[in-house]
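Below, each chain spelled out in residue letters.
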Amino acid sequence: AEDAAGNAQQDYTPEAEFDLDTAAPAGYSVSVDQEAINADNETAMSFTFSGAEVGADYAYSVDDESGTGPVSGSGTVSSSDETVGPIDVSSLSDETLTLTVYLTDPAGNQGSDATDTVTKDTAAPSVTTVEVDTDPVYEGDLKQQVTVTYDEQMTTDGSADPVISFSAGTWSSD
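Residues numbered from 1 in each chain as written. Predicted model: local features only at pLDDT ≥ 70, side-chain atom pairs only at ≥ 80, totals over all residues. Heavy atoms only, no water.

Colleague: Any chance you could explain the sheet that holds strand β4 (residues 71-76) here in plain terms?
Modeller: Adjacent strands of a sheet pair through backbone hydrogen bonds, lying either parallel or antiparallel. With antiparallel pairing, four strands are arranged side by side in an open sheet as β4-β3-β6-β7. Across the chains shown, the open sheet's two edge strands, defined by having one partner strand only, are β4 and β7 (114-119). Looking at each pair of strands side by side, their axes are set apart by 15 degrees on average, direction ignored. When strand β6 (residues 96-104) meets β7, the two strands line up antiparallel, connected through six bridges. (Pairing = 2+ DSSP bridges. Helix = DSSP H or I, 4+ residues; strand = E, 2+ residues; numbered from the N terminus. Axes fitted to C-alpha atoms, helices over the stretch in contact; angles between N-to-C directions.)

Here it is, written out as structure tokens:
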């Protein structure tokens, strides 16, 4: 073959072989490391990969349900079970947070989104009502039933029940 000016085509022999990578990263997942986000850890949320492709770039976002966010970041995976953090989610609302992460390999192939959720609750519970039984029971000790209602579901760690103390017409709760 030759061009319009009569120049003959030179023979070409490739000097290197190339692999074509068309497979996106797959088989990875993420999990938020905290059981819940509270006032003590809202500036230090973290997540851990499982099965991540070493050398791939990651991009993450953490969103709340109200649309306040997102909080986002990126980096490069250095181990398949890498932990990423701390992530400051203090700007997000108290509700379910959704972590979304995807990987992009060095060839530019983007993997599917991996997700996890965690509940954020940084507000301390508050008392909404206190009811005192006006008919005390005397069985060797004077017993008075007091019902305290909070603005959210309360649980204890099992080590002790809440204690309400009365003295000189006032009471306190521990």
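Colleague: Can you help me understand a negative patch on the surface in this one?
Modeller: Residues Asp94, Asp121, Asp151 and Glu152 make up a contiguous surface patch of negative charge. Tracing the backbone through its elements, the reader meets Glu152 in the loop between β11 (146-150) and β12 (164-167). (Patch = residues over 30% accessible without salt bridge, like charges linked within 9 Å, V, L, I, M, F, W, Y side chains within 5 Å. Areas by Shrake-Rupley, 256 points an atom, 1.4 Å probe, with all protein chains shown as cover. Salt bridge = Lys/Arg side-chain N within 4 Å of Asp/Glu carboxyl O. Lys, Arg positive; Asp, Glu negative; His and termini not counted. Charge placed at Lys NZ, Arg CZ, Asp CG, Glu CD.)

Colleague: Explanation requested: the nonpolar core in the structure shown.
Modeller: It is characteristic of soluble globular proteins that their nonpolar side chains tend to be buried jointly. Counting 24 residues, the largest nonpolar core has Phe47, Phe49, Tyr60 and Val62 as the members making the most contacts within it. Once you skip the residues sitting within four places of it in the chain, Val62 turns out to touch Met45, Pro70, Val71, Val89, Leu92, Leu97, Thr98 and Leu99. (Core = buried A, V, L, I, M, F, W, Y, C linked by side-chain atoms within 4.5 Å. Buried < 20%, exposed > 50% of the residue type's maximum accessible area, 1.4 Å probe, protein only. Contact = heavy atoms within 4.5 Å.)

Colleague: Sorry, what's going on with the environment of Asp135 here?
Modeller: Tracing the backbone shows Asp135 in the loop between β8 (127-132) and β9 (137-138). Residue class for Asp135 comes out exposed when judged on its relative accessible area of 56%. Each C-alpha atom, one on Asp135 and one on Gln145, is 8.7 Å from the other, the two residues being ten residues apart in sequence.

Colleague: Help me out: how do you make sense of the sheet that holds strand β2 (residues 45-50) in this one?
Modeller: If you trace the three strands from one edge of the open sheet to the other, you get β1-β2-β5, paired in antiparallel fashion. In this open sheet, the two strands that pair with only one neighbour each are β1 (29-32) and β5 (83-87). Recorded for the sheet is a direction-independent mean angle of 20 degrees between the axes of neighbouring strands. Direction of pairing for β2 relative to β5: antiparallel, over a ladder of three bridges. Across the sheet, the residue bridging to Met45 is Ile87, located in β5.

Colleague: Is there a simple way to think about the packing of aromatic side chains in this case?
Modeller: Two descriptors summarise a pair of aromatic rings, namely the distance from one centre to the other and the angle between the planes of the rings. Under the criterion given, the structure shown has three aromatic pairs. Ring centres of Phe47 and Tyr60 lie 5.5 Å apart, and the angle between their planes is 70 degrees; this geometry places the pair in the edge-to-face category. Remark: Tyr60 occurs in strand β3 (residues 57-64) and Phe47 occurs in strand β2; sequence separation between them is 13 residues. By the burial criterion, Phe47 is buried, and Tyr60 matches it. An aromatic cluster of at least three residues, connected via ring pairs, comprises Phe47, Phe49, Tyr58 and Tyr60. (Phe/Tyr/Trp six-rings, centres within 6.5 Å; stacked < 30°, edge-to-face > 60°.)

Colleague: What am I meant to see in the pattern of salt bridges here?
Modeller: Enumeration according to the criterion identifies one salt bridge in this entry. The salt bridge partner of Glu42 is Lys120, with a shortest N-O separation of 3.4 Å. Placement of the pair is Glu42 in the loop between β1 and β2 and Lys120 in the loop between β7 and β8, with a sequence separation of 78 residues. Comparing Glu42 with Lys120 shows no difference in burial state: the two are buried.

Taken by themselves, the reported measurements are silent on function.
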